[in-house]
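Chains, contacts and geometry: an overview
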Amino acid sequence: MQAPISAGFPAFRGRRLRSRTGIRRLVRENELSVADLVWPIFVHDKDGSETIEAMPGVRRLSLDLAVEAAAEAITLGIPAVAVFPCVADELKTQECEEAWNPNNLANRTARAIRRDVPEIEVMLDVALDPYNSDGHDGLLRDGQILNDETVDCLVKQALGHAESGATMLGPSDMMDGRIGRIRHALESKGYHDIIIISYTAKYASAFYGPFRDAVRSGMALKGDKDTYQMDFGNTDEALRMVQRDLSEGADALIVKPGMPYLDLCHRISTHFGTPTFAYQVSGEYAMIEAAAAQGWIDRDKAVLESLTAFKRAGCSGVLTYFAPLAASLLDHGPASFRVG
Ligand code: PBG
């Protein structure tokens, strides 16, 4: 509980502690650091890079450019990259077999990054949507998303990703029972130290639109994801999901999207005391970029403000497409944000 303010005005003036840069820095409660950032990158099986229309400034990268990005992350002090593959249409099937091909794009990229930039954490998504001709995170049969059959696929996918050298796996599909099955499989194959960072509170959200353009899963998507991603009216349900995922062996949790769900970040981190991350998703990125491009907001300030909000809400860190920008701003930014 907060101590009551004992002095009245003018003995107490709230503005005193805001009056100079130095004092503001001294009393700042929450600080964003480069160590809080996970940088999601997109890869494709082509040479060079391609723009992503709805995400200005973000590109699909060839494998060698992805390795360069990982090296840049380390130079900037960013501890982790999350790799998302944009899979060629001809490799997408209803059975999603490409997801557990040991040489699929995600696995080749993780292997190359870990070989050339061994100090970086590499996170791979465990979900079928990049490989699914139906665009869903689960197998679609007769208009239904199959849960248990999907989990069988996820286990195979997770083992392939573990074998590729990925250090963190992010099951992001919201199927039931996946964390326990994946954890059991990892343990039984000797992958004792692979982090499972579960997308536990993942909402059916309009803010994923630009991402589906980036990995080209949007065109294929039949219907919506409402039978597996959560309803945006709910929070208690998210706590039950966290309880469940922790009991099945998750090491850390993700709330997704980020900024519209800060209440969840706060409730989950406070209630469970387990590392909780927010994903500032593609639509959040696109909104800031679009407004900044119009000159309506100051991009750099909006980025640092939005990312610091996640720290205020109790997050350990943030997955953000702004990671390299934020890292360089934290190093060279305006005095009020400078760390040292
Ligand atoms: C799906 C997945 C999604 C994102 C990451 N993995 C969204 C979806 O459900 O289509 C979205 C990330 C973003 O919007 O930045 N497995």
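Throughout what follows, the structure given in this document is the object of discussion. (Residues numbered from 1 in each chain as written. Predicted model: local features only at pLDDT ≥ 70, side-chain atom pairs only at ≥ 80, totals over all residues. Heavy atoms only, no water.)

Take empty space enclosed by the protein next. Across all of its chains, the model carries two cavities of 30 Å³ or more by this definition. Taken as a whole, the largest cavity spans an internal volume of roughly 140 Å³. Together, 18 residues line the largest cavity, and Asp-129, Lys-202, Tyr-208, Phe-211 and Lys-256 are the ones closest to its centre. Its residues placed into classes, the lining of the largest cavity shows eight nonpolar, three polar and seven charged. In terms of lining residues, the second largest cavity is bounded by Val-83, Pro-85, Ala-106, Leu-124, Asp-125, Ala-127, Asp-129, Pro-130, Tyr-131, Gln-157 and His-161. (1 Å grid on protein atoms, 1.4 Å probe; cavity = no way out; pocket = protein on both sides within 12 Å on 5 of 7 lines; lining within 4 Å. Points joined across faces, edges and corners; volume = space filled by probe spheres on them. Nonpolar A, V, L, I, M, F, W, Y, C, P; charged D, E, K, R; others polar.)

Moving on to the side chain of Ser-198. If you trace the backbone, Ser-198 turns up in strand E9 (residues 195–202). The class of Ser-198 is buried, set by a relative accessible area of 0%. Within the structure, Ser-198 has its side chain in polar contact with the side chain of Asp-245 (distance 2.6 Å). Ignoring any residue separated from it by four or fewer positions in sequence, one finds Ser-198 in contact with Pro-171, Arg-178, Ile-179, Asp-245, Ala-250, Ala-252, Leu-253 and Ile-254. (Helix = DSSP H or I, 4+ residues; strand = E, 2+ residues; numbered from the N terminus. Buried < 20%, exposed > 50% of the residue type's maximum accessible area, 1.4 Å probe, protein only. Polar contact = N/O pair within 3.5 Å; in protein donor to acceptor, adjacent residues only side chain to side chain. Contact = heavy atoms within 4.5 Å.)

Across the junction of Phe-9 and Pro-10, the peptide omega takes the value 10 degrees, indicating a cis bond. Mapping Pro-10 onto the fold places it in the segment before helix H1 (21–27). Of the consecutive residues Lys-256 and Pro-257, the connecting peptide bond is found in the cis state with omega at -10 degrees. Phi angles above zero are rare outside glycine, and Met-174 is one such case at about 65 degrees. Following the sequence through the fold, Met-174 ends up in the loop between strand E8 (168–171) and helix H5 (178–188). Located in the positive-phi region is Arg-216, a residue other than glycine, with phi close to 55 degrees. Assessed through its relative accessible area of 29%, Arg-216 is described here as partly exposed.

A few words on the site of the ligand. Around the ligand sit 18 residues in total, of which Arg-212, Gln-229, Lys-256, Ser-282 and Tyr-321 are the nearest. Measuring from a nitrogen atom of the ligand, one finds a side-chain N or O atom of Asp-137 at 3.2 Å. The side chain of Lys-202 places a nitrogen or oxygen atom 3.4 Å from an oxygen atom of the ligand. In this structure, the ligand is accommodated by the largest cavity. Among the residues making up the shell around the ligand, the classes are represented as eight nonpolar, three polar and seven charged. (Near = heavy atom within 4 Å. Sits in = over half its atoms within 2 Å of the grid points.)

To continue, consider helix H9 (residues 282–293). In this model H9 runs 16 Å from its N-terminal to its C-terminal C-alpha over twelve residues, within 8% of the 16 Å that 1.5 Å per residue would give. For H9, every residue scored as buried is listed here: Ser-282, Gly-283, Glu-284, Tyr-285, Ala-286, Ile-288, Glu-289, Ala-291 and Ala-292. Buried-residue contacts for H9 involve helix H6 (209–214), strand E11 (276–280) and helix H10 (299–312). (Expected span 1.5 Å × (residues − 1).)

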